[in-house]
Amino acid sequence: MGELQSIDYLIIGTYMLGVLSIGSYFAKYIHSTGDFFLAGRALPFWAIGMSIVVTDIGAIDLLTGAGAAYDRGIAQANFDWIGSVPALLLAAFIFVPYYWRAGVYTLPEFLGRRYNSATRWVHALVLLFFMLATVSIMLWTSAVFLRETLGWNEITAIWVTAAIVGCYAISGGLAAVVMTDVMQLVVMFVGTGALLALALWEVGGWSGLSQKILAQPNETEAYFQLLVEHREGTQYPWPGMVFSLGIIMSTAYFVGNQAVMQRALGARSEWDAKAGMLTAALFKLAIPILVFLPGMAARGLFPDLESSVAAIPTLIDRLLPPGLKGLMFAAFFAALMSSVDSYLNSCVTIFTGDVYRPLHKQVTGRDLSGRLGLILGRSLTAFVLVAAAIYAPRFKESETLYDVLQTLLSMFQGPTLAILLLGIFWRGATAWGGFAGLVIGVALTCVLNILGDAVFISDNPYLFVSFWSFWVSLGVTISISLFTKKKTPMELEGLVYGSVLSQVTNDNV
Amino acid sequence: MSFIFALIETAQSDSDDWWQSVRNWIRETLGPPLKSLHEPIDNWLASLPMWVAVACAIGLFVIAGLWVWTLRTEFIFRDAPDRHWWRDLRLWAMVVLAPYITIYLFLGR
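Another aspect to go through is the overall build of chain B. Helix and strand counts for chain B stand at 4 helices and 0 strands. N-terminal to C-terminal, the α/β element order of chain B is α-α-α-α. When the accessible surface of chain B is summed, it comes to about 7,200 Å², and 68% of that surface belongs to carbon and sulfur atoms.

Quick look at helix α6 (residues 107-114) of chain A now. Burial analysis of α6(A) places 7 of its 8 residues in the buried class, the great majority of the element. For α6(A), the full list of buried residues reads Leu107(A), Pro108(A), Glu109(A), Phe110(A), Leu111(A), Gly112(A) and Arg114(A).

On to the interface of chain B and chain A. Quoted interface sizes are often the accessible area lost when the parts come together. Listed as interface residues are 51 residues of chain B and, on the opposing side, 55 residues of chain A. Summed over the three residues of chain B that lose the most area to chain A, namely Phe75(B), Arg78(B) and Tyr100(B), the buried surface amounts to 15% of that side. Between the two partners, chain B and chain A, sit 1 salt bridge. Linking Glu270(A) and Arg78(B) is a salt bridge whose minimum nitrogen-to-oxygen distance equals 3.2 Å.

Turning our attention to the packing of helix α5 (residues 85-102) of chain A against helix α10 (residues 238-256) of chain A. All names here are of chain A. Following both chains from N to C, one finds α5 and α10 inclined at 45°, their axes separated by 9 Å at the closest point. Taken together, α5 and α10 sit at an angle that is classed as oblique. As for the relative orientation of α5 and α10, their crossing is right-handed in sense. Residues Pro86, Ala87, Leu88, Leu90, Ala91, Phe95 and Tyr99 of α5 lie in contact with α10, whose contacting residues are Gly246, Ser250, Thr251, Phe254 and Val255. Here the contact of α5 with α10 is composed, by residue class, of 9 nonpolar, 3 polar and no charged.

Let us look at the nonpolar core. Counting 198 residues, the largest nonpolar core has Leu227(A), Met277(A) and Tyr104(B) as the members making the most contacts within it. The greatest single-element share of this core, amounting to 17 residues, is contributed by helix α15 (residues 324-364) of chain A. If sequence neighbours within four positions are ignored, Tyr104(B) has contacts with Asn78(A), Trp81(A), Ile82(A), Leu226(A), Leu227(A), Val54(B), Ala57(B), Ile58(B) and Phe61(B).

Attention shifts here to a nonpolar patch on the surface. All names here are of chain A. Taken together, the side chains of Ile155, Trp159, Val386 and Ile390 define a hydrophobic patch exposed on the protein surface, amounting to about 360 Å² of accessible area. Broken down by secondary-structure element, the contributors of at least two residues to the nonpolar patch are α8 (154-203) and α16 (370-391). Tracing the chain through its elements places Trp159 in helix α8.

All names here are of chain A. Under the criterion given, the structure shown has 3 cavities of 30 Å³ or more. Quantified by volume, the largest cavity comes out at close to 300 Å³. Taken together, 26 residues form the lining of the largest cavity, with Asp56, Tyr253, Tyr402, Gln406 and Leu409 sitting closest to its centre. Sorting the residues of the lining of the largest cavity by element identifies α3 (45-56), α4 (59-72), α7 (117-150), α10, α15 and α17 (401-410) as the ones contributing at least two each. Among the elements that line the lining of the largest cavity, the one with the most residues is α10, at 5 residues. Split by residue class, the lining of the largest cavity holds 13 nonpolar, 9 polar and 4 charged.

Calculation notes
Residues numbered from 1 in each chain as written. Chains lettered and ligands numbered in written order. Predicted model: local features only at pLDDT ≥ 70, side-chain atom pairs only at ≥ 80, totals over all residues. Heavy atoms only, no water. Helix = DSSP H or I, 4+ residues; strand = E, 2+ residues; numbered from the N terminus. Areas by Shrake-Rupley, 256 points an atom, 1.4 Å probe, with all protein chains shown as cover. Buried < 20%, exposed > 50% of the residue type's maximum accessible area, 1.4 Å probe, protein only. Contact = heavy atoms within 4.5 Å. Buried area = accessible area lost by both parts, 1.4 Å probe. Salt bridge = Lys/Arg side-chain N within 4 Å of Asp/Glu carboxyl O. Axes fitted to C-alpha atoms, helices over the stretch in contact; angles between N-to-C directions. Parallel < 35°, antiparallel > 145°, perpendicular 65-115°, else oblique. Left-handed = near helix turned anticlockwise from the far one by under 90°. Nonpolar A, V, L, I, M, F, W, Y, C, P; charged D, E, K, R; others polar. Core = buried A, V, L, I, M, F, W, Y, C linked by side-chain atoms within 4.5 Å. Patch = residues over 30% accessible without salt bridge, like charges linked within 9 Å, V, L, I, M, F, W, Y side chains within 5 Å. 1 Å grid on protein atoms, 1.4 Å probe; cavity = no way out; pocket = protein on both sides within 12 Å on 5 of 7 lines; lining within 4 Å. Points joined across faces, edges and corners; volume = space filled by probe spheres on them.

The values reported here are purely geometric and, on their own, carry no functional implication.
Here you go:
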């Protein structure tokens, strides 16, 4: 167990101070719910792109993602390469313009307009459950990191992290979150870059790494292959990676994940929103190199670790000199905080916009005022953070948190994408068709996840669960829509493909 | 107080048992028929050579790249500060896709 030196504490302290200062600075620009949840729609493309990447790459990737690369090799990189880029292009050119024109805060709100309130509620509740669980997992990851590196008590680590994140997420809203994300991306890239350089130097470069790993018992060249054969016992078979992750899971993740899409909706223009997505796709190239490659290097250097989660903490402990250790700690906190704050903000946005606001209107007959919405947003951020911190220790028993997170995602990605695609491209999709597609699809994912290796070749079948739930939801939505009442062309204005494109043409004329 | 905790523990243990029996029932009832449906697909996919996998992965990037050129220029430049060539997001997409295609070409298998 390593000790931090004064220089390390100085670097971590400077970083924390910088983050809190940025958060406090942007707090003075928050006057309404629009400012809090969508940064007053003033974000430039570069901030959106950097924020999306750093939101997506959290402490979970840094610890358990690198741990999975330690175990399974370079195939882990698919999650950020083929599992991101085609989807970000689709998001940029199809989905972002639609959400932008519809002028909505959240994706459930969009589904509510296109289908009905029941669809909006179900989707909002599923998303809320996922986000709360994700924040809990992230806080637990922080606890594991601090336990492994500094020997901290897990519960103390959770509450310290929660308190620091809460300080600026509560005060600053989306603008503070995005601008601190920019700083955090830089810190994360510098810290992980230093770790990668030292790890590769120690292991003898790429050739040294491959020699050391291939010399290990039971290890094959598949460790260095992005695409792996489809056979029993393979964790990431290629059809799952290309057809499920590359097309369905990633598209659903980037267009259906409120934490990601909220950044695009906060853009200063539609062009910035699209360009922000493409910037994110470019930055994604570096993530496996900076995050997963150190995990593989740890396999070459320390092949007998008890748990793969210890890969990065071990590298930090054994390789990094004072100063760089502090920088890597700052990078870890950057990865952690950037994701926790984003998910917190999105969680509260969904609760306020899709659960509380409709209820408030129904009960009082009035819309939620900007000031009340703001107070509610800030109080809820604190409440969600506390709830997630209380729930976090329950993940102690989970062996691979990366797989837990992917399994949680697979429980709504396929059905969400199916009803989104049909809602945008097919005028015939009806309110109850969309609702049935979502509910039956989510129920199916639960059953398929339970079936697991009884049906699929992999122990963690989330790749196949998403694939099949997408097609079943598509079929259910089409079938029910054929027998239920369709919306009028007036009701579909600005919500389906044809009407959005005609808006572009008319504006230019 | 300890009585209440003991009661909660018993309830939790009962619900765990109930959940386990539901899981077992689903696996025993639905597992075999669904496995027999999925197995032929698994066998067919396992028989494909790995160059097919690489071709499918690269094909995904190439199709995405070709698709963006089918979009209208008005749509691409909408809300842009000006119409300089460097604001053409179709070119941005090409810059983004090129390194990924290269990586999958060399590290795909």
